[in-house]
Amino acid sequence: MKKSFLTIAAILLAVLNSQAHHVIGGEMIYQYLGKGATPNTSRYLITLKIFRDQNAVNAAPMPSAVYIGIFSKENGPPIYNIVPKKSESAVPVGTFPPCIQNAPNLNYHVGIFELTVDLPDNTKGYTASYQTCCRVDNLANVQNFGGNETGSTFTTDIPGSQYMDSSPQFATSVDVVCAGRPFQLNYFAIDKNNDSLVYSFTQAYDGGSIRGDSLIKPNAPPYYSVTYINNYSANSPLGIKAIIDSKTGIISGIAPPVGKYVLGVKVSSYRNGVLINEHLKDFIINVSNCDFAGAQLNPKPVICDSFNVAFQDDNTSSLNQTFYWDFGDPKSGAQNTSVLKSPTHVYTDTGVFVYKLVVNRGQDCSDSATQILKVYPGFYPAFNVDGQCINSSIIFTDKTTTNFGSVNNWSWNFGDPATYGDTSKIKNPTYIYTQPGNYDVQLTVGNSKGCSKTIDKTVPIKTQPDFSVTNDTLICSIDTLQLTAIGNGSITWTPAYNINNPNSFTPLVSPKVPTTYYATLNESRGCIGTDSVFVNVVNQVSLSLTPDTTVCLTDTVQLNPISDGLHYVWTPSNTVLNDTAKYAQVVPVQNTNYHVVSSIGKCSAAANINVKPVPYPQAYAGNDTTVCFPAIVQLHGSGGSIYNWSPPTFLNNSKIADPISRPVQSISYLLQVNDVLGCPKPTYAVINITVEKPVADAGPADTAIVVNQPLQLNGTGAQFYLWTPSTGLNNPNISNPVAILTESQKYTLQVKTLAGCTAEDTIHVYVYKVLPDLYVPDAFTPNGDGKNDIFRPIPIGIKKLNYFKVYNRLGQLIYSTDVQKAGWDGTFKGQPQDPGVFVWIAEGIDYLGKTVFRKGSVTLIR
């Protein structure tokens, strides 16, 4: 019995839930009617509006009665009332755009439930509410599936009785909304108290624990928001392209994709600047897959870069077929209008212009729009940065210029991640960084004409300022040296030893002993840097060169003096590649004595080195050659005194100038030649030896023909041919002569290459004095002894074998071929056949073109 009850309950709950998916919105309104029937009470008319989608399938009808709960904000007992439906009527539908395609069927009803109630006076007020489940299925912006069906709470807050307030009332109508198209929804409200109204998006409330649409008492507040999904939110229920006008309650923009969207709108009532009440309307917007023609011109920012402006219709409907633009610039003459879809226009002057777009001009689906455009080019944002150290004031100076109006607003972001206070609104701010690093500073600057741009600059902040001094150096004791420092600020040099001005960025020093000079840079605002330079002091210059040397002619050699000098001069300079370098590179063409002077200031020393150029050895390995195998080749190398042949293959000695090679195949030898005259580098030469091994082939060793049957011989192996004897041949000196014989004949073929290498081969031609035919034996013994193992036809005078087939006594084909001299080995599918008699047929074409057919039997003997 218990199991049956649970099953019935589950089915009933499922039916109730499926039928409850009909509510698309609601609004609860209160109206102050005056004092109540008993002292210290106030009478209110509370009105609940429930909106139902009449197109919903398997949905519950509009409820005939509802439970309205009233909860005191001063902890009084709740008041519950069953309120019958007063009326039900169709919701007015706004006018559809002309020529709309795929127009939706908007069929909504609104049910009115009115409760007149006397409430005890208090100062905090009451909350009235109604709860139900569930909203329509497949919501695009609110979770409503998988066991998490979202219900609805329609509620209103009644302020304290001292206000004697009546809530605003939203207009009751619906408008068509097409996906991806401009739309407008009128959510304006009427307030009997003439309070100031401010409109905004707000969250819609879920149904709490309420399941089903039967009469159930609502829960007491607080109430909780529905769960938004797909990047939608209470503040952006229709996406980022839809906004609400806080003064008029008009919602406009570009519609989101096709779907159903929960929309919560709040109107806040202010009386004498004091917030009295916040009133909510909850409605599900049906965004349809419809389309309509239209002109839409979204506002453009002030044009601050040029006079050239691009235009487009922000309504991208495919129903917009023609376009007519008026740019509001009559001075441009004929250029003031355009019929392009997305034109550009060059304005003739600065100022404020009103431009207009007409789509489908003169047609039924025509629409137009106007917009204001401000053109003030010549706005150039820029700023400078003074300072670079941590813990010191960095000065930011705006350098923005404008051709029109004045620069009048600044927004700085100093890019310091360590704080939120790294911003400023003044023109020329200062900022102190506490850590070194590269900071991305951003300035957004605008002018009085409305131009606004943002620029970025990376500002390096360091522990000390950029500062450098002369590299460590060397001077002679009789010299004076100028030091150099680079930086911004004031400088001090220490020690004050033999220095003409310790506060100069370019002082002169003349130390007599090695000295380290320290420089301290003091930038403005306490940014300090230090550096130093070591000045080594000598009394004379040291200089020595390596001994005289030789070099291969045309080679470059580097001369390496050992010296502490700072400057060098080499002579003669005509063969020196860098005659002022310490390590000079020279290319002597003859025996040359090089002279070098090394100096430190006024001190100097000199030295000499002789460089003798020696020519490279002239390697020669002889001319390339071709030989006949077998052959002996005498190689001849020359050009030096030391020889090395590689590879050593086939050589009797690879280390001499004239080795002997006995090559069995073609080979290339590389000869390396050295000499002992002073150029240590080798030179190389190559010789290629081509070994020819012609192989003569006169064709099959034995060939059978009949008398006067033309036989085409085919010889291969070289470039030249000679057939002997020439009996019966049409030309004995070609590779493929034709022979016509009456007697058997043996031919010898000699082939010769271009290099004169020869080879020979023979062929026997047997001439049968019979008619052309296929001769087939009547027995064979396939026992593997090499004698009579293969059964095949012998074609005499046959130029082509069409087929040769063998059948067993069951008529089964066990062998077939069309290749002459091929035959059957006595097996079938790899298995030897038993001794017995087999039938054969054969067909061929003789040399005269006649068909020859033969058949017979053969005995297989084992």
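Model, not experiment: these values are computed from the prediction. (Residues numbered from 1 in each chain as written. Predicted model: local features only at pLDDT ≥ 70, side-chain atom pairs only at ≥ 80, totals over all residues. Heavy atoms only, no water.)

S.K.: Whenever I open this one, the pairing of strand β6 (residues 126-132) confuses me. Can you help?
M.R.: Every other side chain in a regular strand lies on the same face of the sheet, so the side chains alternate between the two faces. Counting buried positions along β6 gives seven out of seven residues, so the element sits mostly inside the fold. Pairing of strand β3 (residues 65-72) with β6 involves four bridges; the strand directions are antiparallel. Note that in β6 the partner of Ser72 across the bridge is Tyr126. Judged from the seven bridges that link them, β6 and strand β7 (residues 152-158) form a sheet pairing that is antiparallel. Across the sheet, the residue bridging to Thr127 is Asp157, located in β7. (Buried < 20%, exposed > 50% of the residue type's maximum accessible area, 1.4 Å probe, protein only. Helix = DSSP H or I, 4+ residues; strand = E, 2+ residues; numbered from the N terminus. Pairing = 2+ DSSP bridges.)

S.K.: How should the state of the cysteines be read in this particular structure?
M.R.: Using the criterion set out here, one finds seven disulfides in the structure. Note on cysteine connectivity: Cys304 is disulfide-linked to Cys451, with sulfurs 1.8 Å apart. Judged by the sign of its S-S torsion, about -110°, the bond between Cys304 and Cys451 is left-handed. Taken together, the residues span a long stretch of sequence, with Cys304 in the loop between β16 (274-288) and β17 (308-310) and Cys451 in the loop between β30 (437-447) and β31 (452-461) at a distance of 147 residues. (Disulfide = S-S within 2.5 Å.)

S.K.: I keep staring at the environment of Leu280 and nothing clicks. Help me out?
M.R.: Along the chain, Leu280 falls in strand β16. For the pair formed by Leu280 and Pro663, sequence separation is 383 residues and the distance between their alpha carbons is 107 Å. Those residues in contact with Leu280 that sit more than four places away from it in its chain are Glu27, Phe170, Thr202, Gln203, Tyr205, Val265 and Lys266. (Contact = heavy atoms within 4.5 Å.)

S.K.: Explanation requested: the layout of surface pockets in the structure shown.
M.R.: A water-sized probe rolled over the atoms picks out the places where empty space is left. If you add up the space inside the largest pocket, you get close to 730 Å³. Taken together, 32 residues line the largest pocket, and the ones lying closest to its centre are Asp702, Thr703, Ala704, Pro795 and Lys821. Of all the elements in the fold, those that place two or more residues in the lining of the largest pocket are β54 (702-706), β55 (711-712), β59 (758-768), β62 (794-796) and β63 (798-807). Per element, the largest residue contribution to the lining of the largest pocket is four residues, and it comes from β54. Grouping the constituent residues of the lining of the largest pocket by class yields 18 nonpolar, nine polar and five charged. When its volume is computed, the second largest pocket comes out at roughly 550 Å³. (1 Å grid on protein atoms, 1.4 Å probe; cavity = no way out; pocket = protein on both sides within 12 Å on 5 of 7 lines; lining within 4 Å. Points joined across faces, edges and corners; volume = space filled by probe spheres on them. Nonpolar A, V, L, I, M, F, W, Y, C, P; charged D, E, K, R; others polar.)

S.K.: What is the right way to look at the sheet that holds strand β21 (residues 351-359) in this model?
M.R.: By definition, the strands of a sheet pair up through backbone hydrogen bonds, in either a parallel or an antiparallel sense. Strand order in the open sheet formed by four strands is β19-β18-β21-β22, and the pairing between neighbours is antiparallel. Sheet topology places β19 (337-338) and β22 (367-375) at the edges, where each strand pairs with a single neighbour.

S.K.: Just checking my understanding: could you explain empty space enclosed by the protein for this structure?
M.R.: What the rule picks out here adds up to four cavities of 30 Å³ or more. Taken as a whole, the largest cavity encloses approximately 120 Å³ of empty space. Forming the boundary of the largest cavity are Leu106, Tyr108, Ser173, Val174, Asp175, Leu185, Asn186, Tyr187, Phe283, Ile284, Ile285 and Asn286. In terms of lining residues, the second largest cavity is bounded by Gly26, Glu27, Met28, Thr153, Phe154, Thr155, Gln203, Ala204, Tyr205, Leu280, Lys281 and Asp282. Within the residue set of the lining of the second largest cavity, elements represented by two or more residues are β1 (23-35), β7 and β16.

S.K.: Would you mind showing me how to read the nonpolar core here?
M.R.: General note: in soluble globular proteins, nonpolar side chains tend to be found buried as a group. By size, the foremost hydrophobic cluster in this structure holds 46 residues, and its most contacted members are Phe183, Leu185, Tyr187, Ile251, Leu263, Phe283 and Ile285. Here the element with the most residues in this core is strand β15 (residues 259-271); it accounts for five residues. Setting aside its immediate chain neighbours within four residues, Leu185 contacts Asp175, Val177, Gly249, Ile250, Ile251, Leu263 and Ile285. (Core = buried A, V, L, I, M, F, W, Y, C linked by side-chain atoms within 4.5 Å.)

Everything listed here is a matter of geometry and, on its own, says nothing about what the molecule does.
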